[in-house]
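Summary of structural features
Each chain, letter by letter, is given below.
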Amino acid sequence: MDQHLADVWFQLSGLEVSYGEGAVVTTTDGVDHLDLTSGIGVVNTGHCHPDVVAAIREQAGRFIHAQVNCYRHDQLEPLAAKLAEITPDGIERFFFSNSGAEATEAAVKLAKQATGKPAGIVFQGSFHGRTHLTMAMTTSKSVYRVGHSPLPSGIFVAPFPYTFVTGETEEDAVARCLKEFDLLLKTQTSPSEVGWVMLEPVLGEGGYVPAPPAFVAGIVERCREHGILFVADEVQTGFGRTGELFACQHHGLAPDILVMAKGIASGFPMSAIGASAELMDRWPTGSHGGTYGGNPMACAAALATIDVMTGRGFLEHARQMGDRFLAGLERVRGSHPDAVAENRGLGLMLASEIVDADGRPDAARAGAILAHLLEEERILAMTCGPFGSTVRWIPPLVITERQVDGAIQAFNNAVAATA
Ligand SMILES: Cc1ncc(COP(=O)(O)O)c(C=O)c1O
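Residues numbered from 1 in each chain as written. Predicted model: local features only at pLDDT ≥ 70, side-chain atom pairs only at ≥ 80, totals over all residues.

Here's the deal with helix H11 (residues 314–335)
One full turn of an α-helix is made of 3.6 residues, so residues set three or four places apart face in the same direction. Stated precisely, the cut-off is as follows: Secondary structure elements are taken from DSSP: a helix is a run of H or I of four residues or more, a strand is a run of E of two residues or more, and numbering for both begins at the N terminus. By this rule, a helix spans an expected 1.5 Å times one less than how many residues it contains. Any residue surrounded by 20 or more other C-beta atoms within 10 Å of its C-beta is treated as buried, while 12 or fewer makes it exposed and the intermediate range makes it partly exposed; C-beta atoms here are placed from the backbone. An arc is given here, and it is the one of the directions from the helix axis to the C-beta atoms. Distance between backbone-placed C-beta atoms decides contact: two residues are in contact if it is within 7 Å.
With 22 residues, H11 should cover 32 Å at 1.5 Å per step; its first-to-last C-alpha distance of 32 Å lies within 8% of that length. Of all the residues in H11, the buried ones are Ala318, Met321, Gly322, Phe325, Leu326, Gly328, Leu329 and Val332. All buried residues of H11 fall inside an arc of 160° around its axis, so they share one side. Seen from the buried face of H11, the exposed residues on the opposite side, beyond 90 degrees, are Glu316, Ala327 and Gly334. The inward-facing, buried residues of H11 contact strand S13 (340–346), strand S14 (349–354), strand S17 (390–393) and helix H13 (401–417).

So, in structure tokens, the structure goes:
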């Protein structure tokens, strides 16, 4: 099998799937698996939500590719208007592209044009994409960067408070990271050349670490003080993943630029950035674009996705399942404190730190747990974080109580079986 595919893709499982519904994917030989990856945080409405499928089918019969520079199709403005309604205050105009990396790059291009400043700051452990610029902005694991030098310049990396790794209290970590941020602006660059700061409100690929509110507030305050645009990368945290439509809403925060992808269209490739009209007006016409951005099928899928998510009870269900999942993970930790050192997260963006007898990150055990889940329990999960020892739990938000309870029981079995 797969003789003609590049080996460059990291492979979580050897499953060949042909069908997906809700939180379940079915292999070509008819075996159901519970998908706790959501295709890396994409199918928040579940695989093949019927409303999304219907919208794509209907749109496919009318227009598949209506190129945005050539003409405007009838899903574009409705989607932009809908996004203006559901995104944080002040986000009112939108640019569409296809992937998360394209959107984070677009945010940087807008920030450069709007501020006239060339440089930007990201945080240790961030993941912003795999293109050359976004690789330079990504420090979640060195595998994404090694072998690709030289990377574009003008990107500075400030520390992020990941207390499980540093062993500090949250208060100490926040104070240290904010001090280091100030020092960076005095020693490596300066507010006169920094146009933007980009932050994931929950560090994603870097370990599923929610940014402490005091840290977010401190960074935003510094951005305001220095005339730097604050960009929230909500590619993974957006569209209900953390229990709010956007993780910024946990902080009562309105970013200058909001970056969206993944959950936006339930799996149809789409990404977007949003900003105020005043900021967008500083982006010279023709200085950015793309063949497929704003594709009508993607817009139709996004509109249907948003309708589902803003429908009665959807987010409430996601929050309840998040609480139930985290409570279950805590019970597993209670039974196996020697192996599960910490559970954390927001909504259904949860993680468990797997450690060895000395409390050090244990990638081998985490790998064995994933293998057990896959082979014995028919459950797909994946890791994140710098050591490969953090198991992330990121099911479709439509996961049922029974499926959550089954996943927790399976995790408990996997930890016990790999002791
Ligand atoms: C926070 C964040 N930003 C950007 C990206 C890049 O998205 P894509 O893989 O669609 O380019 C990802 C992908 O995982 C992400 O999690």
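Some words on the site of the ligand
What counts, and what does not: Throughout this description, a residue near a molecule or strand is one whose C-beta atom, derived from the backbone, lies within 6 Å of it. Residue classes follow a fixed rule: Ala, Val, Leu, Ile, Met, Phe, Trp, Tyr, Cys and Pro count as nonpolar, while Asp, Glu, Lys and Arg count as charged, and any other residue, Gly among them, counts as polar.
Around the ligand, a shell composed of 15 residues is seen, among which Ser99, Gly100, Ala101, Val235 and Gln236 lie nearest. Sort the elements by how many residues they give to the shell around the ligand and helix H4 (residues 100–115) lands first, with three residues. In terms of residue class, the shell around the ligand is built from five nonpolar, seven polar and three charged.

Focus: the environment of Glu171
Turning to its location among the elements, Glu171 is positioned in helix H7 (residues 170–187). For Glu171, a count of 12 C-beta atoms within 10 Å translates into the label exposed.

A look at the pairing of strand S5 (residues 119–123)
This is how it is decided: Two strands qualify as a pair provided that DSSP identifies no fewer than 2 bridges between them.
Of all five residues making up S5, five are buried, and the element is well covered by its neighbours. Neither face of S5 is open: one carries Ala119, Ile121 and Phe123, the other Gly120 and Val122, and all of them are buried. Two strands pair when backbone bridges link them, and S5 and strand S7 (residues 194–199) are joined in this way by three bridges, in the parallel orientation. When the sheet's bridge partners are listed, Gly120 is paired in S7 with Trp196. Pairing of S5 with strand S6 (residues 155–158) involves four bridges; the strand directions are parallel.

Describing the nonpolar core
For clarity, the threshold we go by: The term nonpolar core refers to a group of buried residues, namely Ala, Val, Leu, Ile, Met, Phe, Trp, Tyr and Cys, whose C-beta atoms join them within 7 Å. What marks off one domain from the next here is an automatic or database domain assignment.
Judged by nonpolar contacts, the single largest core of 121 residues is most densely connected at Ala107, Val231, Ile273 and Ala301. A per-element tally of this core places helix H10 (residues 296–309) first, with 11 residues. Each of domain 1 (17–35 + 313–417) and domain 2 (52–309) contributes no fewer than three residues to this core. In this view, Ala301 contacts Val52, Ala55, Ile56, Ala265, Ser266 and Phe268; residues no more than four positions away in its chain are not counted.

Looking at the packing of H7 against helix H8 (residues 213–226)
We count it as follows: Axis definition: a line fitted to C-alpha atoms, limited for helices to the stretch in contact. Angles are taken between N-to-C directions and run from 0 to 180 degrees. Here the word oblique covers every angle except those under 35 degrees (roughly parallel), over 145 (roughly antiparallel) and from 65 to 115 (roughly perpendicular). A crossing counts as left-handed when the near helix is turned anticlockwise from the far one by less than a right angle, and as right-handed when that turn is clockwise.
Axis separation between H7 and H8 bottoms out at 9 Å; the angle between their running directions is 20°. Judged by the angle between their axes, H7 and H8 are roughly parallel. The two elements H7 and H8 meet at a crossing, and its hand is right-handed. Here Val174, Cys177, Leu178 and Phe181 of H7 lie close against H8, whose contacting residues are Ala214, Phe215, Gly218, Ile219 and Arg222. Its residues placed into classes, the contact of H7 with H8 shows seven nonpolar, one polar and one charged.

Observations concerning H10
Taking 1.5 Å of rise per residue, the 14 residues of H10 would be expected to cover 20 Å, and the 20 Å separating its terminal C-alpha atoms lies within 8% of that figure. The buried fraction of H10 amounts to 13 of the 14 residues, a majority that puts the element mostly inside the structure.

Observations concerning the domain arrangement of the protein chain
For the protein chain, the assigned domains are domain 1 (17–35 + 313–417) and domain 2 (52–309). Between the C-alpha centres of domain 1 and domain 2 there is a distance of 27 Å. The interface is formed by 21 residues belonging to domain 1 together with 20 residues belonging to domain 2. Broken down by secondary-structure element, the contributors of at least two residues to the side of domain 1 that touches domain 2 are H11, S13, S14 and S17. Sort the elements by how many residues they give to the side of domain 1 that touches domain 2 and H11 lands first, with five residues. Of the residues assigned to the side of domain 1 that touches domain 2, the class counts are 11 nonpolar, five polar and five charged.

What about the sheet that holds S13?
Taken in spatial order, the four strands make up an open sheet running S13-S14-S17-S16, and their pairing is antiparallel. The open sheet has two edge strands, S13 and strand S16 (382–384), and neither has a second partner. Direction aside, the axes of adjacent strands within the sheet are offset by 30° on average. By the bridge criterion, three bridges tie S16 to S17 in an arrangement that is antiparallel. Bridge pairing in S17 links Cys384 to Thr390.

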